Protein chains: 2
Amino acid sequence: MITVCIIGSGNVAQHLIASFQKSQSNGTAIELIQVYARQKHQLTKFIASAKITNKLSDLLEADLYIMAISDDAISEISSQIPFKNKLVVHTSGNVAIHDLDTNNRRGVFYPLQTFTKNKAINFKEIPICLESENATDFQMLEKVAKLISNKVVAINSNQRKALHVSAVFVNNFTNHLFHLAHTICEDNQVSFELLQPLLLETAQKALLLSPKEAQTGPAKRGDSKTIAAHIAFLSNQKQIEIYKLLTQSIQNHEQEL
Amino acid sequence: MITVCIIGSGNVAQHLIASFQKSQSNGTAIELIQVYARQKHQLTKFIASAKITNKLSDLLEADLYIMAISDDAISEISSQIPFKNKLVVHTSGNVAIHDLDTNNRRGVFYPLQTFTKNKAINFKEIPICLESENATDFQMLEKVAKLISNKVVAINSNQRKALHVSAVFVNNFTNHLFHLAHTICEDNQVSFELLQPLLLETAQKALLLSPKEAQTGPAKRGDSKTIAAHIAFLSNQKQIEIYKLLTQSIQNHEQEL
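Reading the values: rules and limits
Residues numbered from 1 in each chain as written. Chains lettered and ligands numbered in written order. Predicted model: local features only at pLDDT ≥ 70, side-chain atom pairs only at ≥ 80, totals over all residues. Heavy atoms only, no water. Pairing = 2+ DSSP bridges. Helix = DSSP H or I, 4+ residues; strand = E, 2+ residues; numbered from the N terminus. Contact = heavy atoms within 4.5 Å. Buried area = accessible area lost by both parts, 1.4 Å probe. Salt bridge = Lys/Arg side-chain N within 4 Å of Asp/Glu carboxyl O. Polar contact = N/O pair within 3.5 Å; in protein donor to acceptor, adjacent residues only side chain to side chain. Least-squares fit on C-alpha atoms with pLDDT ≥ 70 in both. 1 Å grid on protein atoms, 1.4 Å probe; cavity = no way out; pocket = protein on both sides within 12 Å on 5 of 7 lines; lining within 4 Å. Points joined across faces, edges and corners; volume = space filled by probe spheres on them. Nonpolar A, V, L, I, M, F, W, Y, C, P; charged D, E, K, R; others polar. Expected span 1.5 Å × (residues − 1). Buried < 20%, exposed > 50% of the residue type's maximum accessible area, 1.4 Å probe, protein only. Axes fitted to C-alpha atoms, helices over the stretch in contact; angles between N-to-C directions. Parallel < 35°, antiparallel > 145°, perpendicular 65-115°, else oblique. Left-handed = near helix turned anticlockwise from the far one by under 90°.

### Some remarks on the sheet that holds strand 7 (residues 127-132) of chain B
All names here are of chain B.
- Pairing in this open sheet of eight strands is mixed, and the strands run 3-2-1-4-5-6-7-8 from one edge to the other. This sheet does not close on itself; its edge strands, each paired only once, are strand 3 (52-53) and strand 8 (151-154).
- In the sheet, strand 4 (residues 64-67) pairs with strand 5 (residues 87-90) via four bridges, with the strands oriented parallel. In the sheet register, Tyr 65 faces strand 5, and the bridge partner there is Val 88.

Quick look at the structure:
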């Protein structure tokens, strides 16, 4: 039996708790025995309130502590876990494994996805990127991760950094481009909804082909007439700057081929 | 009975032909009587070869001519249609209605989607944006468009320009960000596949919420430590420039709220 505590009450913690609860109902050798939240009521929707504590000093002894808390708090909270030589992991894409306190064995349990409150997600499809300091710990992490996900991979700190910055391009920046398009539509009294099928197809196409093969449009074609027309149409300076820089970048990448 | 000719043999023409053929088999008052391709063999997969011509002078008389050809050719080819006072439309997001020759009545039949050879697409979900010079022509276009799509809307030329430049943000630029992430992953020996669930969830989330509400990440949080770490991690100057500009733009939009 592997016993697990989850520390945290935000989106990631909530999705992890729900996912463990679901897997446990199928009967496994892994048990979520306790969760920690500064305010108990944040988690009563997800787990029996007897299993929630709001004091780190009341943490039960477990084999594995999964810390799903903000990056800045990881180092400090890890030093307050009142045990020694347990396996303690964080769930951040961006914090080094050695930022964890040395009282315990250290590892990373990074689910690569964007989590939204109240939006169900199929955890089984989410890659979980694992890192540990030794093979035995890795095996334990792997057992636990495979309980909730079908995609469990070993990732070192440098690869994790690459994934984290790539995730910013794929998620944060992409979403901001959607927002800019939304703004352009609003400014011209046309519904952004009309772009929704294109938006979805863009994602699906980049998965089917590679993004390189999926590239189309005036920048790729070198269609300077259309590019000029688009720039003339835009009135917002930041939008124009972004249009020019991304057009240039597409053209540089085409030339590299 | 409304009779239709399609002019063109590229991705859009092929998808339109396939879609008309499919709808016709259900029995309608609209008939695709002929298509034009410079080289007949390009379309024999899609329609009986007796219905294909490679000479504009051999075009049959029809109620509606749909030109699915490159932007630069629209004006010239429209002047070569050997009839007068028919309804002639183009399928471009970017060409003005008055670029069509005045021999015939003019209109626009713009399907807002990215078309890929050999990738099936559900045309019923694709918005078709219509423009005409008078109400009777609009009614005819609407009848024809509704045969193949469930989302038919009236869009004027300015709105169409806004949609076309927005489509560049939502499709071309977004796909390029995917490509940059792909490059960063490759440079660091980590599989881009790990980002695929995130990529798809990003699109789905922006449709469920608005892109504004869906925004997350270090730029939105004002997390300057993570931003600095990401910039330090990137080695490519163009990637850094794009990272900085989009981060700045997200932060400007946050301040506007």
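### Section: the interface of chain B and chain A
- Taken residue by residue, the interface counts 88 residues in chain B and 88 residues in chain A.
- Across the chain B to chain A interface the summed buried area is about 8400 Å²; carbon plus sulfur atoms make up 70%.
- There are two salt bridges connecting chain B and chain A.
- The salt bridge partner of Asp 72 of chain B is Lys 225 of chain A, with a shortest N-O separation of 3.5 Å.
- Linking chain B with chain A are 34 residue pairs in polar contact (both at pLDDT 80 or more), by the criterion used here.
- Where the side of chain B that touches chain A is concerned, the elements lending two or more residues are helix 2 (71-78), strand 8, helix 4 (157-187), helix 5 (196-208), helix 6 (211-214), helix 8 (224-233) and helix 9 (237-256) of chain B.
- If one sorts the elements of the side of chain B that touches chain A by residue count, helix 4 of chain B sits on top with 27 residues.

### Quick word on the relation of the copies chain B and chain A
- Of the transformation placing chain B onto chain A, the axial shift is 0.0 Å and the rotation is 180 degrees, giving an RMSD of 0.0 Å. What the rotation and shift describe, once combined, is the action of a two-fold rotation axis. No C-alpha of chain B lies nearer the rotation axis than that of Thr 174 of chain B, which sits 2.7 Å from it.

### Description of the layout of surface pockets
- Roughly 1200 Å³ of volume is contained in the second largest pocket.
- Forming the walls of the second largest pocket are 38 residues, and the residues nearest its centre are Arg 221 of chain A together with Val 12, Ile 69, Ser 70 and Asp 71 of chain B.
- For the lining of the second largest pocket, the elements supplying multiple residues, two or more each, are helix 7 (218-221) of chain A together with helix 1 (11-24), helix 2, strand 6 (105-111) and helix 4 of chain B.
- Residues that form the lining of the second largest pocket fall into these classes: 16 nonpolar, 16 polar and six charged.

### Describing the side chain of His 164 of chain B
- By the secondary structure assignment, His 164 of chain B is in helix 4.
- Excluding anything up to four places from it in sequence, His 164 of chain B contacts Thr 226 and His 230 of chain A together with Gly 93, Asn 94 and Tyr 110 of chain B.

### Re helix 1 (residues 11-24) of chain A
- Taking 1.5 Å per residue as the helical rise, helix 1 of chain A with its 14 residues ought to reach 20 Å, and the 20 Å between its terminal C-alpha atoms agrees with that figure.
- Within helix 1 of chain A, burial applies to Ala 13, Gln 14, His 15, Leu 16, Ile 17, Ser 19, Phe 20, Ser 23 and Gln 24 of chain A.

### Some words on the sheet that holds strand 6 (residues 105-111) of chain A
- Spatially, eight strands are ordered 3-2-1-4-5-6-7-8 (chain A) in an open sheet, and the strand pairing comes out mixed. Each edge of the sheet is formed by a strand with only one pairing partner; in this case those strands are strand 3 (52-53) and strand 8 (152-154) of chain A.

### What about the packing of helix 8 (residues 224-233) of chain A against helix 4 of chain B?
- Running from amino to carboxyl end, helix 8 of chain A crosses helix 4 of chain B at an angle of 110 degrees, the nearest separation of the two axes being 10 Å. Between helix 8 of chain A and helix 4 of chain B, the angle is such that the two are roughly perpendicular. Of the two elements, helix 8 of chain A crosses helix 4 of chain B, and the hand of that crossing is left-handed. Of helix 4 of chain B, the residues touching helix 8 of chain A (which contributes Thr 226, His 230 and Phe 233 of chain A) are Asn 158, Lys 161, Ala 162, His 164, Val 165 and Val 168 of chain B.
- Here the residues of the contact of helix 8 of chain A with helix 4 of chain B are counted per class, giving four nonpolar, four polar and one charged.

### Concerning the packing of helix 5 (residues 196-208) of chain A against helix 5 of chain B
- The geometry of helix 5 of chain A relative to helix 5 of chain B is characterised by a closest axis approach of 10 Å and an angle of 175 degrees between their N-to-C directions. In this view, helix 5 of chain A runs roughly antiparallel relative to helix 5 of chain B, as classed from their interaxial angle. The segment helix 5 of chain A lies against helix 5 of chain B, with Gln 196, Leu 199, Leu 200, Ala 203, Gln 204 and Leu 207 of chain A engaging Gln 196, Leu 199, Leu 200, Ala 203, Gln 204 and Leu 207 of chain B.
- When the residues that make up the contact of helix 5 of chain A with helix 5 of chain B are grouped by side-chain class, the tally is eight nonpolar, four polar and no charged.

### Observations concerning the pattern of salt bridges
Residues and elements named next belong to chain B.
- All told, the structure shown has 16 salt bridges over all chains when counted by the stated rule.
- Notably, a salt bridge pairs Glu 131 with Arg 160, separated by 2.9 Å at the nearest N-O pair. Within this pair, whereas Glu 131 is found in strand 7, its partner Arg 160 is found in helix 4, the two being separated by 29 residues in sequence.

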